[in-house]
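Coordinate inspection notes
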Amino acid sequence: MFKQNSINLLCSTLAILCAFYIEIGSVLFWYGGLLVIPAIAIWYQFKFALGNFILRLSIAILPWLTLCVIGLFGASNTEHDGQRSINMFFFEMPLYSVAVGTLVVIVCFLFKKATLRN
């Protein structure tokens, strides 16, 4: 289980960072993909993670939170106000998507659990 989760975490983190470093993130930013892609990715990362609910959810969220925190710290050090605002917004969009994706995963998990009990 640890090996599978470690591979899942490593692959998803590398894929996210590579996508942002080859500027796919900027294309997604202008077309709204940063509001949709992270939520969908969280669903799939949660689905393929192993362990209890909290462990699976943390494995799904951790790569996105890492990207957002690194980006927000980097953006806050930008000197030009306009550039800082756009950089902050660029990394806030996936953060909002992560929040919505997490909420959807939690609601679906609780709904599934409630229907299995009945």
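Another aspect to go through is the packing of aromatic side chains. Across all of its chains, the model carries 4 aromatic pairs by this definition. Through a chain of ring-to-ring contacts, the aromatic side chains of Phe46, Phe53 and Phe109 assemble into a single cluster. In this structure, Arg56 is placed above the aromatic ring of Phe46, and the distance from its NZ or CZ to the ring centre is 4.1 Å.

Our focus in this paragraph is helix α5 (residues 81–117). Compared with the 54 Å implied by 1.5 Å per residue over 37 residues, the 53 Å span of α5 between its first and last C-alpha is a close match. Within α5, the full set of buried residues consists of Phe90, Phe91, Met93, Pro94, Ser97, Val98, Gly101, Thr102 and Val105. Where α5 is buried, its residues touch α1 (2–21), α2 (24–31), α3 (33–48) and α4 (53–76).

This part takes up the side chain of Asn5. Tracing the sequence through the fold places Asn5 in helix α1. According to the relative accessible area criterion, Asn5 is buried, its value standing at 7%. Those residues within four positions of Asn5 in sequence are excluded, and the remaining contacts are Ala49, Leu50, Leu55 and Ile59.

For the rest of this paragraph, the subject is the packing of α3 against α5. Where α3 contacts α5, the axes come no closer than 7 Å and their chain directions differ by 40 degrees. It follows that α3 is oblique to α5 by the angle criterion. Here the hand of the crossing between α3 and α5 comes out right-handed. For the pair formed by α3 and α5, the contact residues are Leu34, Leu35, Val36, Pro38, Ala39, Ile42, Trp43 and Phe46 on the first element and Phe90, Met93, Pro94, Ser97, Val98, Gly101, Thr102, Val105, Cys108 and Phe109 on the second.

With their axes 9 Å apart at the nearest point, α1 and α4 run at an angle of 25 degrees to one another. In terms of orientation, α1 and α4 fall into the roughly parallel class. In the packing of α1 onto α4, the handedness of the crossing is right-handed. For the pair α1 and α4, the contacting residues are Asn5, Asn8, Leu9, Ser12, Thr13, Ile16, Leu17 and Phe20 in the first and Leu55, Ile59, Leu62, Pro63, Trp64 and Leu67 in the second.

Parameters at a glance
- Residues numbered from 1 in each chain as written.
- Predicted model: local features only at pLDDT ≥ 70, side-chain atom pairs only at ≥ 80, totals over all residues.
- Heavy atoms only, no water.
- Phe/Tyr/Trp six-rings, centres within 6.5 Å; stacked < 30°, edge-to-face > 60°.
- Lys NZ or Arg CZ within 6 Å of the ring centre and 35° of its normal.
- Helix = DSSP H or I, 4+ residues; strand = E, 2+ residues; numbered from the N terminus.
- Expected span 1.5 Å × (residues − 1).
- Buried < 20%, exposed > 50% of the residue type's maximum accessible area, 1.4 Å probe, protein only.
- Contact = heavy atoms within 4.5 Å.
- Axes fitted to C-alpha atoms, helices over the stretch in contact; angles between N-to-C directions.
- Parallel < 35°, antiparallel > 145°, perpendicular 65-115°, else oblique.
- Left-handed = near helix turned anticlockwise from the far one by under 90°.

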